[in-house]
Amino acid sequence: MEDKKKAVLFNFWGVVVPRRQDVFHQFEELHHLPSGFLSSVTSPEDSAMSRAERGEVTLSQLIPAFQEECVKEAQLRAVMLPSDWSVTILMDELREAMMNVHPGVLKTVNVLRHNGLLTTVLANRWIDDSGRGQRGPAHILSVLGNQFDLVLQSCSSGHKVPESSLFSSALKHLGVTSKQALWLDADEEGVKAAEGAGIKAILVKDVGGALSRLSSFTGVQAVGPDSPPPSCSPDKVSHGYVSIRPGVRTHYVDMGSGPPVLLCHGFPESWFSWRYQIPALAAAGFRVLALDMKGYGESTAPPDIEEYSAEQLCKDLIIFMDKMMIPRVTLVGHDWGGFLVWNVAQVYPERVRAVASLNTPLFRADPAGSAAQALRSIPVFDYQNYFQKPGVAEAELQKDLDRTFKIFFYSSAEEGTRPPLKTAGVCARGGLFVDLPEEIPRSSILTEADLRYYVSRYQEQGFRRPLNWYRNGEPNFRWRSSFHSRKLLMPALMVTAGRDPVLLPAFSKGMEDLIPNLSRRHIEDCGHWTQMERPTETNNILVAWLQETHRRQDHTAEAPRL
């Protein structure tokens, strides 16, 4: 029987990231050198660049040899090199270019792998011994390694693109024949070499256009602008566990390198709720730690209600950071996770570099009031009153886990096609799901595999511990009242969703009074499940804010003191 397995091979330069020749051209224009000067230096088989790409010399050895070759080429062409000429700066430009991964490629790879195709990057790369891991090859290779089935570097194999030996090595690693493979390359030389090896090839003049032509070979529909960004599956990410104290353990997923960003989910979710954000933030240059919050999923804790007070939750999060040896972190939360990150930022400001929340505003606790009064003043919060008595809500939510998650997770665009979940009047009705039909359609924001994963997280421990987050109203109120007027001086971000039926954008009014460095973003056509319903918009907002915030802080830290 014929093997139906297929593989798509991507050239790193020119397809996954910008063409190296384009970087050369910009550098030549900047220094008023003839077009093609750098290509003529690097293209010979015995050039320092070629030898480095085969792993014969390292970056630190490449730079002086490359510098010398440029001088010789300039003499040969009777060209004057500028006084500030520096191969080191050129290599830094190449390093920055390789961080600019084409988002359409990652989207396409995500869809191809989901449909059973193998994906590979072949990269002409040198051994980087500069020690600049956070913004260098170590980072980008880590990101690509989480998205592609195979990343094959020329410096590791001793062969470079477009040598046939590199194609043969890739096919052998994947377990496919040349007829089962497709090659994407921005250079005609690479296309001809692949075709000479019996591999079908596409010349990439425009990455978006080339990706749309994959369907004839792969049988997979082209990725459109509305396709979701790459996600991470539970079996293809790095999992870790930290013992907070006896009986309390935190489970987390870890991806990327760089400044740490800690993601905190809400009810009734999981680290998996950040599945679209984790690869995007890692690709943007951050180390992403997505937690199963206390009592959720693989994060274990006793069932005692007081274990889930806001004060204890904040302490446990700080212990997690201590044990992970993270002195300062950027916190991003959603729903209950948003409530938690605001509290941590107020109580432990020295540990928080920046803080962001999706949907959940910073609610101020009025010392003259009470938690009960606060709940009564907001009718859509009545479900929280229903959650108070242990055992009642658990019985309803655990009765049919498939139905429970189909009811909870839905897109705001589907509101007219499915019965609404009403969070007001729950106590009077006698249950959160009362009057809802037995058969509930699965939302478009949830695949069957996603649903199965969420259900699996609750089959053993149920809802008791997650619901206990709601059962510390008065202790939380008294504790938060003790610092209700404390300002948050670090950079902060509040993202509101126009169609969230519970956490209304209006609730965030006046947050600037306590948060002078607050940035705001708004996604109008979005409900409560922001990360899943609008993943691309959410990623764009978070990446832009994180990069600008860290860039500004790093610049301030580096500024000389007078």
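Use the structure listed above.
The structure displayed is predicted, hence computed values, not measured ones.

Residues lying three or four places apart along an α-helix face the same way, a consequence of the helix completing one turn every 3.6 residues. Of the positions making up helix α24 (residues 473-481), those classed as buried are Asn476, Phe477, Trp479, Arg480 and Ser481. Packing partners of the buried residues in α24 comprise α15 (310-323), α16 (336-347) and α17 (371-376).

On to the pattern of salt bridges, then. One pass over the structure, following the stated rule, counts 30 salt bridges. Its salt-bridge partner being Asp235, residue Lys236 comes within 3.8 Å of it at the nearest N-O pair. For Lys236, a relative accessible area of 43% gives the class partly exposed. Among the charged side chains, a salt-bridge network with shared partners connects Arg245, Lys294, Glu307 and Asp316.

As a further point, take a positive patch on the surface. Judged by side-chain charge, Lys4, Lys6, Lys200 and Arg213 come together as a positively charged surface patch. Within the secondary structure layout, Arg213 lies in the loop between α12 (207-212) and α13 (215-218).

To continue, consider the packing of aromatic side chains. Applying the stated criterion across every chain, the model contains 34 aromatic pairs. With a centroid separation of 5.6 Å and an interplanar angle of 55 degrees, the aromatic rings of Phe267 and Phe387 are classed as tilted. Here Phe267, found in the loop between β8 (260-264) and α14 (277-283), pairs with Phe387, found in the loop between α18 (382-386) and α19 (392-398); they are 120 residues apart in sequence, far enough to count as distant. Of the residues examined, Phe387 reaches a relative accessible area of 1% and is grouped as buried. Where Phe363 meets Phe507, the ring centres are 6.0 Å apart and the plane angle is 55 degrees; that geometry is what we call tilted. Taken together, the positions of Phe363 in the loop between β11 (352-358) and α17 and Phe507 in the loop between β12 (492-497) and β13 (518-523) put the pair 144 residues apart, joining distant regions of the chain. If you follow Lys6 out to its NZ or CZ, it ends over the ring of Phe217, 5.0 Å from the centre.

This paragraph deals with the nonpolar core. Within the largest apolar cluster, 111 residues are counted, with the highest numbers of intra-cluster contacts made by Phe267, Ile278, Trp342 and Val355. When residues no more than four places from it in sequence are discounted, the contact partners of Ile278 are Cys232, Val253, Met255, Leu263, Trp271, Val288 and Ala290. Counting residues in hydrophobic clusters, the runner-up holds 56 residues, among them Val16, Val23, Ala97 and Leu112.

With that settled, the discussion passes to the sheet that holds strand β10 (residues 329-334). The mixed open sheet is built from 8 strands, whose spatial order is β6-β7-β9-β8-β10-β11-β12-β13. For this open sheet the edge positions go to β6 (238-245) and β13, each flanked by a neighbour on one side alone. Sheet twist, expressed as the average angle between the axes of neighbouring strands with direction ignored, equals 20 degrees. Sheet topology places β8 next to strand β9 (residues 287-292); 4 bridges connect them, and they run parallel. Residue pairing for β9: Leu262 is matched across the bridge by Leu289. Seen against the sheet, α15 touches β6, β7 (248-255), β8, β9 and β10 and runs at an angle of roughly 120 degrees to β6.

What counts, and at which threshold
Residues numbered from 1 in each chain as written. Predicted model: local features only at pLDDT ≥ 70, side-chain atom pairs only at ≥ 80, totals over all residues. Heavy atoms only, no water. Buried < 20%, exposed > 50% of the residue type's maximum accessible area, 1.4 Å probe, protein only. Helix = DSSP H or I, 4+ residues; strand = E, 2+ residues; numbered from the N terminus. Contact = heavy atoms within 4.5 Å. Salt bridge = Lys/Arg side-chain N within 4 Å of Asp/Glu carboxyl O. Patch = residues over 30% accessible without salt bridge, like charges linked within 9 Å, V, L, I, M, F, W, Y side chains within 5 Å. Areas by Shrake-Rupley, 256 points an atom, 1.4 Å probe, with all protein chains shown as cover. Lys, Arg positive; Asp, Glu negative; His and termini not counted. Charge placed at Lys NZ, Arg CZ, Asp CG, Glu CD. Phe/Tyr/Trp six-rings, centres within 6.5 Å; stacked < 30°, edge-to-face > 60°. Lys NZ or Arg CZ within 6 Å of the ring centre and 35° of its normal. Core = buried A, V, L, I, M, F, W, Y, C linked by side-chain atoms within 4.5 Å. Pairing = 2+ DSSP bridges. Axes fitted to C-alpha atoms, helices over the stretch in contact; angles between N-to-C directions.

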